[in-house]
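The lines below spell out each chain.
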Amino acid sequence: MTTWGLIEQLARENHISQKELAARIGVGQQTVSDWKHGRSTSYFKYLTQIAVLFGVSVDYLSGMDADNDEPVTSTVD
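Residues numbered from 1 in each chain as written. Predicted model: local features only at pLDDT ≥ 70, side-chain atom pairs only at ≥ 80, totals over all residues. Heavy atoms only, no water.

Novice: Any chance you could explain the overall build of the protein here in plain terms?
Specialist: Tallying secondary structure elements over the protein gives five helices and zero strands in all. Across the 77 residues that make up the protein, the buried fraction comes to 32%. Pairs at least 24 apart in sequence give 42% of the contacts found in the protein among residues at least 6 apart. Only carbon and sulfur atoms are counted for the fraction: they give 48% of the accessible area of the protein, which is about 5,000 Å². (Helix = DSSP H or I, 4+ residues; strand = E, 2+ residues; numbered from the N terminus. Buried < 20%, exposed > 50% of the residue type's maximum accessible area, 1.4 Å probe, protein only. Contact = heavy atoms within 4.5 Å. Areas by Shrake-Rupley, 256 points an atom, 1.4 Å probe, with all protein chains shown as cover.)

See below:
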């Protein structure tokens, strides 16, 4: 699945509308619409904020950690 596909899936699962997603990460609703329709991929700049919003890792959103169900935490002591 694409990064945007994962973001859309997480938004659906968490009942977050396009408008609410935009507000929570500090972009305009038109920006999110552009992402949805493939007119822009500027969401990559917001991956950290999106990951925090949905409680997942940036690696998960990037497709590098497909088994991640929870935030990645540091194991460094």
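Novice: When you look at unusual backbone geometry in this model, what are you seeing that I'm missing?
Specialist: The phi angle of most residues is negative, glycine excepted, and most peptide bonds adopt the trans form. In the Ramachandran plot, His15 falls in the positive-phi region, its phi being about 55° despite a non-glycine side chain. Here His15 shows up in the loop between α1 (3-13) and α2 (18-25). On the accessibility criterion, His15 (71% relative accessible area) is exposed.

Novice: I'm lost on the layout of surface pockets in this one. Help?
Specialist: One water molecule sets the probe size; rolling that probe over the atoms shows where empty space is left. For the largest pocket, the calculated volume is near 170 Å³. Every residue lining the largest pocket is listed: Trp4, Glu8, Ala11, Arg12, Ile16, Ser17, Gln18, Leu21, Val32 and Lys36. Residue assignment for the lining of the largest pocket shows that the elements contributing at least two residues are α1, α2 and α3 (29-36). Here the lining of the largest pocket gets four residues from one element, more than from any other, and that element is α1. Across the lining of the largest pocket, the residue classes break down as five nonpolar, two polar and three charged. (1 Å grid on protein atoms, 1.4 Å probe; cavity = no way out; pocket = protein on both sides within 12 Å on 5 of 7 lines; lining within 4 Å. Points joined across faces, edges and corners; volume = space filled by probe spheres on them. Nonpolar A, V, L, I, M, F, W, Y, C, P; charged D, E, K, R; others polar.)

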